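Remarks on the overall topology
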Amino acid sequence: MKCSDYMQIAIQEAEVAAQEGEIPVGAVLVVNGEIITKAHNQRETTCDATAHAEILAIREACAKLQNWRLTGADLYVTLEPCPMCAGAIVNARIARVIYGAADNKAGGVDSLFNIVNNKNLDHRVEILSGICENECKAILQNFLQKKRGETDA
């Protein structure tokens, strides 16, 4: 599979999140070309501030692989990870993060902060951005426009 194929699966997860009234972010964790986990935001559903797609995917992958070290893993995310998720990515030793849309208000890997490549931390992460960017942006923009329309009524 190509990067964009994995991102399409993350986009499907983001669409599920939107249908559930969650901010539409999806994540897919891949090791050696095999999808280990996929997840979407569930903060509203679970009343858990940490239930971001990335965190949920990392938790499930660690449990499934029986290892907190996800060395060699690729994490595909529709939106640039926030600082909390970036910290989890470093702690899990994920090799690569591939994301679609930048997050200029809360980005933890490129836009505001570069946590995953901070020289003071003991792990570095390769970053690829802009994969299926327009699609990833559109899902978020459509969701937010719809939400704003509901509150205006």
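You'll find the structure just up there.
Residues numbered from 1 in each chain as written. Predicted model: local features only at pLDDT ≥ 70, side-chain atom pairs only at ≥ 80, totals over all residues. Heavy atoms only, no water.

**What about the layout of surface pockets?**
- Volume-wise, the largest pocket comes out at about 620 Å³.
- For the lining of the largest pocket, the element with the highest residue contribution is helix H5 (residues 133-152), accounting for seven residues.
- Looking at the lining of the largest pocket, its residues break down into nine nonpolar, five polar and eight charged. (1 Å grid on protein atoms, 1.4 Å probe; cavity = no way out; pocket = protein on both sides within 12 Å on 5 of 7 lines; lining within 4 Å. Points joined across faces, edges and corners; volume = space filled by probe spheres on them. Helix = DSSP H or I, 4+ residues; strand = E, 2+ residues; numbered from the N terminus. Nonpolar A, V, L, I, M, F, W, Y, C, P; charged D, E, K, R; others polar.)

**Concerning the pairing of strand S4 (residues 96-101)**
- The element S4 is extensively covered by neighbouring structure, given that six of its six residues are classed as buried.
- Crossover connection from strand S3 (residues 73-79) via helix H4 (residues 83-91) to parallel S4: handedness right-handed.
- The pairing of S4 with strand S5 (residues 126-129) spans four bridges and is classified as parallel. Residue Arg96 lies in a different strand from S5, and its bridge partner there is Glu126. (Buried < 20%, exposed > 50% of the residue type's maximum accessible area, 1.4 Å probe, protein only. Right-handed = clockwise from strand over helix to strand, strands pointing away. Pairing = 2+ DSSP bridges.)

**Some thoughts on unusual backbone geometry**
- Of note in the backbone geometry, Cys47 takes a positive phi value of approximately 55 degrees without being a glycine.
- Looking at the secondary structure, you find Cys47 in the loop between helix H2 (43-46) and helix H3 (53-65).
- On the basis of relative accessibility, which here comes to 74%, the residue Cys47 falls in the exposed class.
- At Gln66, a position not held by glycine, the phi torsion is positive, near 55 degrees.
- Among the structural elements, Gln66 can be located in the loop between H3 and S3.

**Considering the nonpolar core**
- Counting 48 residues, the largest nonpolar core has Leu29, Ile58, Leu70, Leu75 and Ile94 as its most contacted members.
- Those elements that place two or more of their residues in this core are helix H1 (3-19), strand S1 (26-31), strand S2 (34-40), H3, S3, H4, S4 and H5.
- Broken down by element, the residue count for this core peaks at seven residues, all from H3.
- For Leu29, the contacting residues outside a window of four places in its chain are Glu34, Ile35, Ile36, Thr37, Ile58, Ala61, Leu70, Ala73, Asp74, Leu75 and Ile94. (Core = buried A, V, L, I, M, F, W, Y, C linked by side-chain atoms within 4.5 Å. Contact = heavy atoms within 4.5 Å.)

**Here we look at the packing of aromatic side chains**
- According to the stated counting rule, one finds one aromatic pair in the structure shown.
- Summarising the aromatic geometry, the rings of Tyr6 and Tyr76 are spaced 5.0 Å apart at their centres and angled 35 degrees between planes, so their arrangement reads as tilted. One end of the pair, Tyr6, is in helix H1; the other, Tyr76, is in strand S3, with 70 residues separating them in the sequence.
- Overall, Tyr6 belongs to the buried group, its relative accessible area being 5%. (Phe/Tyr/Trp six-rings, centres within 6.5 Å; stacked < 30°, edge-to-face > 60°.)

**Brief notes about empty space enclosed by the protein**
- A complete count under the given rule lists one cavity of 30 Å³ or more for this structure.
- If you add up the space inside the largest cavity, you get close to 30 Å³.
- Among the residues making up the lining of the largest cavity, the classes are represented as one nonpolar, one polar and three charged.

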